[in-house]
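Below are the chains, spelled out letter by letter.
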Amino acid sequence: MESIKEIVNTNLPPDYYEKFLRPNNKLILDPKRIDLVVFCGNEREILKTPTNGDSSLLLRYKGKEGAVLSMETVTEELSIVQLQGSKSSVSYQVSTGFLWVRLFGDQVKKIVFDPQSEFERISMPHFEKIVGLYDSGTDAALGRYQQLANILGLRFSNQEWKFIKETREPLFNG
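In this report, the structure presented in the accompanying data block is examined. Within each chain, residues carry numbers counting from 1 in the order of the written sequence. Side-chain atom pairs in this predicted model are given and counted only at pLDDT of 80 or more, local residue features only at pLDDT of at least 70, and totals for whole chains, interfaces and linings cover all residues. By convention in this description, side-chain values take in all heavy atoms of the structure and omit both hydrogens and water.

A separate point is a positive patch on the surface. Like charges are joined within 9 Å and nonpolar side chains (Val, Leu, Ile, Met, Phe, Trp, Tyr) within 5 Å, but only among residues with over 30% relative accessible area and no salt bridge; these make up the patches. Using a 1.4 Å probe, accessible areas were evaluated by the Shrake-Rupley method; residue-level cover was limited to the displayed protein chains. Throughout this description, the term salt bridge denotes a Lys or Arg side-chain nitrogen within 4 Å of a carboxyl oxygen of Asp or Glu. Neither His nor the chain ends contribute to the count of charged residues, in which Lys and Arg are positive and Asp and Glu negative. Every charge is mapped to an atom, namely NZ of Lys, CZ of Arg, CG of Asp or CD of Glu. The grouping of Arg33, Lys48, Lys62 and Lys64 at the surface amounts to a positive patch. By the secondary structure assignment, Lys48 is in the loop between strand E1 (34-40) and strand E2 (55-61). Secondary structure is summarised from DSSP: a helix means a run of H or I of at least four residues, a strand means a run of E of at least two, and numbering begins at the N terminus for each.

Another point: the pattern of salt bridges. Counted according to the given criterion, the structure contains eight salt bridges. Between Lys5 and Glu43 there is a salt bridge; the shortest N-O distance is 2.6 Å. In this pair, Lys5 sits in helix H1 (residues 4-7) while Glu43 sits in the loop between E1 and E2, placing the two residues 38 residues apart along the sequence. Relative accessible area serves as the criterion here: at 37%, Lys5 is assigned to the partly exposed category. Buried residues are those whose accessible area, probed at 1.4 Å on protein chains only, stays under 20% of the maximum for their type, while exposed residues exceed 50% and partly exposed ones sit between those limits.

A few words now on the layout of surface pockets. The pocket and cavity definitions rest on a 1 Å grid over protein atoms only: a 1.4 Å probe that fits but cannot leave marks a cavity, an open set with protein on both sides within 12 Å along at least five of seven lines marks a pocket, and residues lining either have an atom within 4 Å of a point. Grid points are joined across faces, edges and corners, and a volume is the space filled by probe spheres set on the points. Taken as a whole, the second largest pocket spans an internal volume of roughly 170 Å³. In terms of lining residues, the second largest pocket is bounded by Phe39, Ile46, Leu47, Lys48, Leu58, Arg60, Gly63, Lys64, Glu65, Lys87, Ser88 and Ser89. Where the lining of the second largest pocket is concerned, the elements lending two or more residues are E2 and strand E3 (64-74). Here the lining of the second largest pocket is composed, by residue class, of four nonpolar, three polar and five charged. In this count, Pro and Cys sit with the nonpolar residues alongside Ala, Val, Leu, Ile, Met, Phe, Trp and Tyr, while Asp, Glu, Lys and Arg are called charged and the others, Gly among them, polar.

With that settled, the discussion passes to the pairing of strand E4 (residues 77-85). With seven of nine residues buried, E4 lies mostly within the body of the structure. If DSSP finds at least two bridges between two strands, the strands pair. Both E3 and E4 contribute to a ladder of eight bridges, which runs antiparallel. The residue of E4 that forms the bridge with Ala67 is Gly85. As consecutive antiparallel partners, E3 and E4 are separated by two residues, and within that stretch Thr75 has a phi angle of approximately 45°, a positive value. One ladder, built from three bridges, connects E4 with strand E5 (residues 121-125); its direction is parallel. Within E5, the residue paired with Glu77 across the bridge is Arg121.

Glancing now at the side chain of Glu77. Its place among the elements puts Glu77 in strand E4. Only 2.5 Å separates the side chain of Glu77 from the side chain of Ser123, close enough to count as a polar contact. When residues no more than four places from it in sequence are discounted, the contact partners of Glu77 are Glu72, Phe119, Arg121, Ser123 and Lys162. Counting of polar contacts relies on pairs of N or O atoms within 3.5 Å, with two restrictions inside protein: one atom must be capable of donating a hydrogen and the other of accepting it, and residues adjacent in sequence are counted only when both atoms are side-chain atoms. Working rule for contacts: check all heavy atoms of both residues, and any pair within 4.5 Å makes them a contact.

Here it is in structure tokens:
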């Protein structure tokens, strides 16, 4: 399988980011100054935001960390293990002026449905199992994970104790 880095298109035009600007907002972000970067493995050590998993998508504004989504990529399963705003001088601008959870949802879909991708499933741990979620102490953080689960169409499995969505249809012999 191609790595996440080879699948994600980080050379996105400003009009892509315009779709995620919060409408009727007093704080207007310049879509030309928004970008998406992919970090895998040890590359993530340069980030100020602590990360989990093995790959991270970083949304930046004016070259500074704004929000991060981290994943574990095990065989055919893409598991979302982190979704949070960064602690930086632009994180307030990103969280106030940008629909960043929707952008990350769009990117996860592009990853799993890319023709080079071998992912057959998207998953996310039960909220209790997400490292640091309950330590954040905010309902907003929990709401962002729930929003991402809804965007991706993840359903909770009591049997597996996580949110899942199969991305490849099983073949039927008829």
